[in-house]
Amino acid sequence: ETKEKAVEKVLEIIPKNSVISWGGSATLTEIGLIDLLKNGEYYVLDARAGKDAGEMDKIAHQALNVDYYIMSANAISASGELVNADGIGNRTAALIYGPQNVIVIVGINKVEQNLDAAVLRVKTESAPLTVLAYNKSEIASFEELLDKAKIACSQLVITNRSTFKDRIKVILIGESLGF
């Protein structure tokens, strides 16, 4: 129902001393989960804490082998497909294969009536807002924003099930979160 209950659920799922990481996500930041995990009893791999691009890339690769990977989705269809676009692919790679467990936390605002609407949401809303959030000072025009959003959507992943039972857990929050 709420972001507070979602955080409680995540902390209930993840055992202490687990190795955890996450993908870039406004939702995870908005609910306060990143700070709690960094200050909790976990071994944390945070790619954004890397000193330079090379170290960030190394940590992102190590994150594919963690006990728990936490992320949001750019959209989810009412029939359950997760839709994600990813600039460098670390988040979608972790969703598809790698970590033993993946927890996807999604605000109700990202649920669309069908797969086509979910894909459209990613391309026209989520990708441009994500590009803007991470590159605001580099965007000179609306056209440039749309071009960068198209590039961000060049790796579009639709997930409708996991081969490994119970590997992916989705927590849907009854609040508007992320973009």
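None of the values given here were measured: they were computed from a predicted structure.

Structural notes on the overall build of the protein chain
The secondary structure content of the protein chain amounts to seven helices and nine strands. In terms of C-alpha radius of gyration, the protein chain reaches 16 Å, essentially the compact-globule figure of 16 Å for 179 residues. On the principal axes, the C-alpha backbone points of the protein chain span a range of 45 × 40 × 30 Å. When burial is assessed residue by residue, the protein chain has 42% of its 179 residues classed as buried. Of the accessible surface of the protein chain, which amounts to about 9,600 Å², a share of 52% is contributed by carbon and sulfur atoms. A distance of 3 Å separates the average location of the 19 positive side-chain charges in the protein chain from that of its 23 negative side-chain charges.

Section: the nonpolar core
Counting residues in each nonpolar core, the largest one holds 19 residues, and the members touching the most others are Val 10, Ile 14, Leu 33, Ile 70, Ile 103 and Ile 105. Breaking this core down by element, the ones donating at least two residues are helix 1 (3–13), strand 1 (19–22), helix 3 (33–38), strand 3 (68–71), strand 6 (101–107) and strand 9 (168–173). Counting residues in each nonpolar core, the second largest holds 12 residues, with Ala 63, Tyr 69, Ala 73 and Val 104 among its members.

Concerning helix 1
Where helix 1 is concerned, the buried positions are Ala 6, Val 7 and Val 10. The arc that holds every buried residue of helix 1, seen down its axis, measures 100°, which confines them to one face. Residues of helix 1 that are exposed and point more than 90 degrees away from the buried face comprise Glu 8 and Glu 12. Here the buried face of helix 1 lies against helix 3, strand 3, strand 6 and strand 9.

Observations concerning the sheet that holds strand 9
With parallel pairing, five strands are arranged side by side in an open sheet as 2-1-3-6-9. Looking at strand neighbours, the two that pair on one side only are strand 2 (43–45) and strand 9, the edges of this open sheet. Strand-to-strand twist across the sheet, computed as the mean angle between neighbouring axes with direction ignored, equals 20°. As paired elements, strand 1 and strand 3 share three bridges and run parallel to each other. Opposite Ser 21, over in strand 3, you have Tyr 69 as the bridge partner. Against the sheet, helix 1 engages strand 3, strand 6 and strand 9, with an angle of about 160° to strand 9.

Observations regarding a nonpolar patch on the surface
A grouping of Ile 96, Tyr 97 and Phe 164 is seen on the molecular surface, where their side chains present a nonpolar patch of about 380 Å² in accessible area. Within the fold, Tyr 97 resides in the loop between helix 5 (90–96) and strand 6. Overall, the relative accessible area of 61% leaves Tyr 97 in the exposed class.

Cut-offs and rules
- Residues numbered from 1 in each chain as written.
- Predicted model: local features only at pLDDT ≥ 70, side-chain atom pairs only at ≥ 80, totals over all residues.
- Heavy atoms only, no water.
- Helix = DSSP H or I, 4+ residues; strand = E, 2+ residues; numbered from the N terminus.
- Rg over C-alpha atoms; globule rule 2.2 N^0.38 Å.
- Buried < 20%, exposed > 50% of the residue type's maximum accessible area, 1.4 Å probe, protein only.
- Areas by Shrake-Rupley, 256 points an atom, 1.4 Å probe, with all protein chains shown as cover.
- Lys, Arg positive; Asp, Glu negative; His and termini not counted.
- Charge placed at Lys NZ, Arg CZ, Asp CG, Glu CD.
- Core = buried A, V, L, I, M, F, W, Y, C linked by side-chain atoms within 4.5 Å.
- Arc of directions from axis to C-beta.
- Contact = heavy atoms within 4.5 Å.
- Pairing = 2+ DSSP bridges.
- Axes fitted to C-alpha atoms, helices over the stretch in contact; angles between N-to-C directions.
- Patch = residues over 30% accessible without salt bridge, like charges linked within 9 Å, V, L, I, M, F, W, Y side chains within 5 Å.
- Salt bridge = Lys/Arg side-chain N within 4 Å of Asp/Glu carboxyl O.

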